[in-house]
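Spelled out from the first residue to the last, the chains are:
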Amino acid sequence: MNLDLVAIVGPTACGKTRRAVELANRLDSEIISADSRQVYKGMDIGTGKDMSEYGSVPVHLVDVAPAGYKYNLYEYLRDASAAIDDIKSRGKLPVLCGGTGLYVESVLKGLHLPEVPKNEELRQNLACKTLDELTRILSGMKRLHNSTDVDTCQRAIRAIEIEKYYAEHPDEARLAKDGCRRKAAVIGLDIDRDSRRERISYRLRHRLEQENMVEEVVQLLSQGIPAEDLIYYGLEYKYLTLYVTGQTDYATMVKELEIAIHQFAKRQMTWFRGMERRGFHIHWLPYDLETQEFIDRAEKIIGL
């Protein structure tokens, strides 16, 4: 099988990084991260970078933007395309790994996007609206692409800004739709709901109690990163920032964050199931296979 890349996908806490490293080691290849928050420097524990897990395997698109910056899909596609070309130029098969479905699917589609500038007037007009109001506005717009998570007002406003730009620039919108689908083998890690929930809850408590995730947020704030920018990133950074800034208590923070991560994992699986309906074949393998069995089955999927 003549492939452009292999993708390892699945919900949070299913062991994607471990499997990608195992496969990259077998293929003597390199990994491209498809995680929308691991691009940020200094945001390590909350995003689960686990850099030591990569060992000697090179990884791309991790720590490519400063914390506080709002890295977007346009930039990701530009950088991912460059990484794919770079890896392939050295005769290697890139391994794309991550749970951000929008990033994964857009890469597989070969999607190209115009850069969407800020619309300050629109942002000011939307600034006073609630997240529910913004979500309703967004749902009423003609969507060019599958929606990303809009769990904060800033994300929702940016999504509206992008859709409005495309509506006003139809020629660029048409370019955004066009792309040459990449030849890829997509491997999904199948984990049952109860195991997924157990792993998520264990990992959250370990990061809070053993890895000083709270201190990571304190350090980011002390570096001058505005609280609203950390809240923008959602999940761990949203809830921990609310706690550190005194807007909620510790027990409430942990409870609400745990619920939010479980909901996020469910949305991830909804996205990947949607990809299958949109014509992407995902080869689902049990998340808990022994290493050699995973490698053997992955090689068959790839066509080695």
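Structure shown above.
Everything numeric in this text was worked out from a predicted model, so none of it was measured.

Definitions and cut-offs
Residues numbered from 1 in each chain as written. Predicted model: local features only at pLDDT ≥ 70, side-chain atom pairs only at ≥ 80, totals over all residues. Heavy atoms only, no water. Helix = DSSP H or I, 4+ residues; strand = E, 2+ residues; numbered from the N terminus. Contact = heavy atoms within 4.5 Å. Salt bridge = Lys/Arg side-chain N within 4 Å of Asp/Glu carboxyl O. Buried < 20%, exposed > 50% of the residue type's maximum accessible area, 1.4 Å probe, protein only. Core = buried A, V, L, I, M, F, W, Y, C linked by side-chain atoms within 4.5 Å. Expected span 1.5 Å × (residues − 1). Arc of directions from axis to C-beta.

### What to know about the environment of S36
Within the fold, S36 resides in the loop between strand 2 (31-33) and strand 3 (40-41). In this structure, the C-alpha to C-alpha distance between S36 and L96, residues 60 residues apart in sequence, is 13 Å. In contact with S36, not counting residues within four places along its chain, are T100 and Y103.

### Focus on the pattern of salt bridges
One pass over the full model with this rule turns up 22 salt bridges. Put simply, E236 and R37 hold a salt bridge, and the shortest N to O gap is 2.8 Å. With E236 in helix 11 (residues 235-244) and R37 in the loop between strand 2 and strand 3, this residue pair connects regions lying 199 residues apart in the sequence. With relative accessibility at 10%, the residue R37 sits in the buried group. Notably, a salt bridge pairs R90 with D86, separated by 2.7 Å at the nearest N-O pair. The partly exposed category is assigned to R90, whose relative accessible area is 40%. Three or more residues joined by partner-sharing salt bridges are found here, namely R18, R19 and E22.

### Remarks on the nonpolar core
Ranked by internal contacts, the top residues of the largest apolar core, which has 63 residues, are I32, Y76, L96, V107 and F272. Setting aside its immediate chain neighbours within four residues, Y76 contacts I32, S33, A34, L61, Y71, L96, Y103 and V107. Counting residues in each nonpolar core, the second largest holds 27 residues, with L27, V57, V95 and I187 among its members.

### With respect to helix 13 (residues 291-302)
A rise of 1.5 Å per residue sets the reference length of helix 13, with its 12 residues, at 16 Å; its end C-alpha atoms lie 16 Å apart and thus fit the reference within 8%. Listing the buried residues of helix 13 in full gives F294, I295, A298, E299, I301 and I302. Axial view of helix 13: buried residues confined to an arc of 155 degrees, hence all on one face. Projecting away from the buried face of helix 13 at angles above 90 degrees are the exposed residues Q292 and K300. Here the buried face of helix 13 lies against strand 1 (5-9), helix 1 (16-27), strand 7 (184-190) and strand 8 (282-286). In the stretch just after helix 13, G303 is the one whose phi turns positive, near 100 degrees.

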